[in-house]
Amino acid sequence: MIFEARGVKMYYEVHGSFGRPLLLLHGWGGRCESFLPVTRDFETTRRVYAVDFPGHGRSDQPDCPWSVTEYMEYIRAFMEEIGIGGADIVAHSFGARVAILLAAEHPDAVGKLLLTGAAGVPSRKSGKTPFKTRVYKALRSLVGRPFMRRLFGEEKIDLWREALVQHFGSADYRALTPFMRQTFNRVIAQDLTPCLAKIKAPTLLVWGENDTATPLWMGQQMEKEIPDAGLVVLKGCGHFAYLDKYGEFRLIAESFLK
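Model, not experiment: these values are computed from the prediction.

A.B. asks: Help me understand the sheet that holds strand β7 (residues 203-208), please; the structure alone is not making it clear to me.
C.D. replies: Note on sheets: strands pair through backbone hydrogen bonds, and any given pair is parallel or antiparallel. Reading across from one edge, β1-β2-β4-β3-β5-β6-β7-β8 is the order of the eight strands in this open sheet, with mixed pairing throughout. The open sheet has two edge strands with one neighbour each: β1 (2-5) and β8 (229-234). Neighbouring strand axes in the sheet, compared pairwise and without regard to direction, differ in orientation by 20° on average. Where β1 meets strand β2 (residues 8-15), four bridges bridge the pair, whose relative direction is antiparallel. Note that in β2 the partner of Phe-3 across the bridge is Met-10.

In structure tokens:
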């Protein structure tokens, strides 16, 4: 199915024919199928909605660089249009950013929140910038100087910029179009810590013990700052803990969302 707002079309799926609505919000680079086992197991008792966020899967790219705020307002419009305000939400990583902001700014839009590997809390600064990062920033600054553009032209400079990204960027970042990289940068720069205390929805945090993308301390901080929150740690799991030990995750989710 297709939903359209702000001139952007978003693909979504609906599974199950009855029961309280359950909205699934995938992580960055994911799509509806990222929650395939959750959809399969919950569609028998819930009406399950899964989306491809704009810029992901089968959905259009945003018409300009978005932050978490634009994504949140888009999902809010989607929920209102199809009539699932107050739905329970299961969200992973980037999807949890959107869910956190939605729950903080529009409490009536959310029932219960189940967040796994949730992003939104800034990484702790070590006080020392990694050597690789310093080299990348220095080269990018040099390539962007006006005299370089005059000497070599815009086309050559753009090629060099892309070469730097391909050499120094993460796999997720390299896979993005130049336009979506601007969105990615805006998303990760948005600190959602002030939103945590505003969340009124009952919240369960499910975390992988060995998560390196969103380390466990982030989940522990969220548990402290969200008024009605609990934290479950899955041993030996990484950032995709809900898939690493899906059987455990399903039982936890069923109990919390029942």
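A.B. asks: Just checking my understanding: could you explain the pairing of β8 for this structure?
C.D. replies: Note that β7 and β8 share six bridges and pair parallel. Counterpart to Val-206 in the pairing with β8 is Val-232. Each parallel crossover has a hand, and for β7 linked through helix α9 (residues 216-225) to β8 it is right-handed.

A.B. asks: Explain the side chain of Glu-70 to me, please; I cannot follow it from the model alone.
C.D. replies: Note that Glu-70 resides in helix α2 (residues 68-82). Arg-186 provides the closest opposite charge to the buried, unpaired Glu-70, separated from it by 4.4 Å. Aside from chain neighbours lying at most four places away, what touches Glu-70 is Arg-6 and Arg-186.

A.B. asks: Explanation requested: the packing of aromatic side chains in the structure shown.
C.D. replies: Describing an aromatic ring pair means giving the distance of the ring centres and the angle of the ring planes. One pass over the structure, following the stated rule, counts 14 aromatic pairs. Each ring, one from Phe-240 and one from Tyr-242, has its centre 6.3 Å from the other, and the planes form 35°; the classification is tilted. With a relative accessible area of 42%, Phe-240 lands in the partly exposed category. Here Tyr-242 falls in the buried class, since its relative accessible area comes to 1%. Put simply, the rings of Phe-3, Tyr-12, Trp-28, Phe-53, Trp-66, Tyr-71, Tyr-74, Phe-78, Phe-94 and Phe-184 pair up and form one aromatic cluster. Just above the ring of Phe-256 sits the side chain of Lys-112; from NZ or CZ to the centre is 5.2 Å.

A.B. asks: I tried to follow the packing of α2 against helix α3 (residues 94-105) on my own but got confused; where do I start?
C.D. replies: Packed helix pairs are specified by the crossing angle of their axes together with the interaxial distance, meaning the distance between the axes. Between α2 and α3, the least distance of the axes is 9 Å, while the angle of their chain directions is 70°. The pairing of α2 with α3 is recorded here as roughly perpendicular in orientation. Here α2 contributes Val-68, Thr-69, Tyr-71, Met-72, Ile-75, Arg-76 and Met-79 to the contact with α3, which in turn contributes Phe-94, Arg-97, Val-98, Leu-101, Leu-102 and Glu-105. Of the residues that constitute the contact of α2 with α3, the class distribution is nine nonpolar, one polar and three charged.

A.B. asks: Would you mind going over the environment of Leu-115 with me for this structure?
C.D. replies: Structurally, Leu-115 can be placed in strand β6 (residues 110-116). Residue contacts for Leu-115: discarding those within four places in its chain leaves Ala-91, Ala-96, Ala-99, Ile-100, Thr-203, Leu-204, Leu-205 and Val-206.

Reading guide: rules and limits
Think of each chain on its own: its residues are numbered from 1, step by step along the sequence as written. Residue-level local features of this predicted model are given only where pLDDT is at least 70; pairs of side-chain atoms are given and counted only at 80 or more, and the full residue set underlies all totals for whole chains, interfaces and linings. Side-chain measures here rest on the full set of heavy atoms in the structure, leaving out hydrogens and waters. Pairing between strands is defined by DSSP: at least two bridges between them are needed. Numbering of helices and strands runs from the N terminus; a helix is a DSSP stretch of H or I covering at least four residues, while a strand is a stretch of E covering at least two. Lines fitted to the C-alpha atoms define the axes, with helices restricted to the stretch that makes contact. Angles between their N-to-C directions range from 0 to 180 degrees. Clockwise travel from the first strand over the helix to the second, with the strands pointing away from the viewer, marks a crossover as right-handed. Any residue under 20% of the maximum accessible area for its type is buried, any over 50% is exposed, and the rest in between are partly exposed; the area is computed with a 1.4 Å probe on protein chains only. Under this rule, positive means Lys or Arg and negative means Asp or Glu; His and the chain ends count for nothing. Basic side-chain nitrogens of Lys or Arg form a salt bridge, by our definition, when they fall within 4 Å of a carboxyl oxygen of Asp or Glu. The contact criterion used is simple: two residues touch if any of their non-hydrogen atoms lie within 4.5 Å. Side-chain rings of Phe, Tyr and Trp, where Trp is taken by its six-membered ring, are said to pair if the distance between their centres is within 6.5 Å; with planes under 30 degrees apart they count as stacked, over 60 as edge-to-face, and otherwise as tilted. We call a charge positioned above a ring when the Lys NZ or Arg CZ atom is no farther than 6 Å from the ring centre and deviates by at most 35 degrees from the ring normal. For classification purposes, angles smaller than 35 degrees are called roughly parallel, those larger than 145 roughly antiparallel, those between 65 and 115 roughly perpendicular, and all remaining angles oblique. Lys, Arg, Asp and Glu make up the charged group, whereas Ala, Val, Leu, Ile, Met, Phe, Trp, Tyr, Cys and Pro make up the nonpolar group; the residues left over, Gly among them, are polar.

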